[in-house]
Amino acid sequence: MANNRNELNKNLAQMLKGGVIMDVTTPEQARIAEEAGACAVMALERIPADIRAAGGDGEALQFDVASGEESTAAIEAWQKAHEGACIEVVVNNAGIRRDNLMVFMQNDEWHRVLDTTLNGFFYVTRRLLKEMLTHRWGRIVNLSSVVALRGNAGQTNYAASKAGLIGLTKALAKEEGPSGITVNCVAPGVIDTDMMAA
């Protein structure tokens, strides 16, 4: 498993060469990961190091993407500290699970999943898009899930949030393609991550 993660980090480093990684792990996810014996913050430090080792430059920011205020504050602080620089690549990988059959699903289980995936995309991407448009170049990669395409019992909230990413990817690609900004979506199957172990 460690070799797969190291390879993933190296591939991510190549893809994000010259970019900034925004850690989309919520404080709650970090707590769950730590309780499971993993450390989400370690990945936060390791990935920028892998980017630098591949010849790029990057750093990590940690904030709750489901919060418009935290997202704006984190991005604005980075922009102030890096005047004239532009975040050119964003990978929207935020996602949490609150699995439950729909008949038993609580409002909070529904909203937290959609807030993290869809509002997280919106708050981060909208803010970064302004600079990308100014520079007429940018790369936006959204991570959906095979669950968005096939469905899965007990995951109506997760499926809805990840299907929403597919739809907004198509719409945003049409909006921003003429400006030199590509928007793509990847829908992988089950991946061995800390979230799956929790």
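For clarity, every value in this text was computed on a predicted model and none was experimentally measured.

Enquirer: Before we go on, may I ask you to explain the nonpolar core in this structure?
Expert: Across soluble globular proteins, nonpolar side chains show a tendency to be buried alongside one another. Among the nonpolar cores identified, the biggest contains 20 residues, and Val124, Leu128, Met132 and Ile140 are the most heavily contacted of them. Looking at this core, the elements with two or more residues in it are helix 4 (68-81), helix 5 (107-135), helix 7 (156-176) and strand 5 (181-186). In terms of residues, this core owes the most to one element, helix 5, which gives five residues. The contact partners of Met132, leaving out residues within four places of it in the chain, are Cys86, Ile87, Glu88, Val89, Val90, Trp137, Gly138, Arg139, Ile140 and Ile181. One finds Leu114, Val147, Tyr158 and Ala159 within the second-largest nonpolar core, a separate group that totals six residues.

Enquirer: How should I be thinking about the pattern of salt bridges in this particular structure?
Expert: Once their charged atoms are close, side chains differing in charge can pair, the charge on each being opposite to the other. Following the criterion strictly, the structure yields three salt bridges and no others. Between Glu76 and Arg127 there is a salt bridge, with the nearest N and O atoms lying 3.2 Å from each other. Of this pair, Glu76 sits in helix 4 while Arg127 sits in helix 5, placing them 51 residues apart in sequence. A salt bridge links Asp99 to Arg97; the nearest nitrogen and oxygen atoms lie 3.1 Å apart.

Enquirer: Can you help me understand helix 4 in this one?
Expert: The α-helix winds at 3.6 residues per turn, so residues separated by three or four positions along the chain end up facing the same way. For helix 4, spanning 14 residues, the distance from its first C-alpha to its last is 20 Å, which sits close to the expected 20 Å at 1.5 Å a residue. Of all the positions in helix 4, only Gly68, Ser71, Ala74, Ile75, Trp78 and Gln79 are classed as buried. Looking down the long axis of helix 4, one finds its buried residues gathered within 145 degrees of arc, a one-sided arrangement. Structural note: helix 4 exposes Glu69, Lys80 and Ala81 on the side pointing more than 90 degrees away from its buried face.

Enquirer: When you look at empty space enclosed by the protein in this model, what are you seeing that I'm missing?
Expert: Empty pockets left among the atoms are what a rolling probe the size of a water molecule brings to light. All told, the structure shown has one cavity of 30 Å³ or more when counted by the stated rule. Along the wall of the largest cavity there are 10 residues; nearest its centre are Asn92, Asn93, Ala94, Gly120 and Phe121. The element that contributes the greatest number of residues to the lining of the largest cavity is helix 5, accounting for four residues. Its residues assigned to classes, the lining of the largest cavity shows six nonpolar, four polar and no charged.

What counts and what doesn't
Residues numbered from 1 in each chain as written. Predicted model: local features only at pLDDT ≥ 70, side-chain atom pairs only at ≥ 80, totals over all residues. Heavy atoms only, no water. Core = buried A, V, L, I, M, F, W, Y, C linked by side-chain atoms within 4.5 Å. Buried < 20%, exposed > 50% of the residue type's maximum accessible area, 1.4 Å probe, protein only. Helix = DSSP H or I, 4+ residues; strand = E, 2+ residues; numbered from the N terminus. Contact = heavy atoms within 4.5 Å. Salt bridge = Lys/Arg side-chain N within 4 Å of Asp/Glu carboxyl O. Expected span 1.5 Å × (residues − 1). Arc of directions from axis to C-beta. 1 Å grid on protein atoms, 1.4 Å probe; cavity = no way out; pocket = protein on both sides within 12 Å on 5 of 7 lines; lining within 4 Å. Points joined across faces, edges and corners; volume = space filled by probe spheres on them. Nonpolar A, V, L, I, M, F, W, Y, C, P; charged D, E, K, R; others polar.

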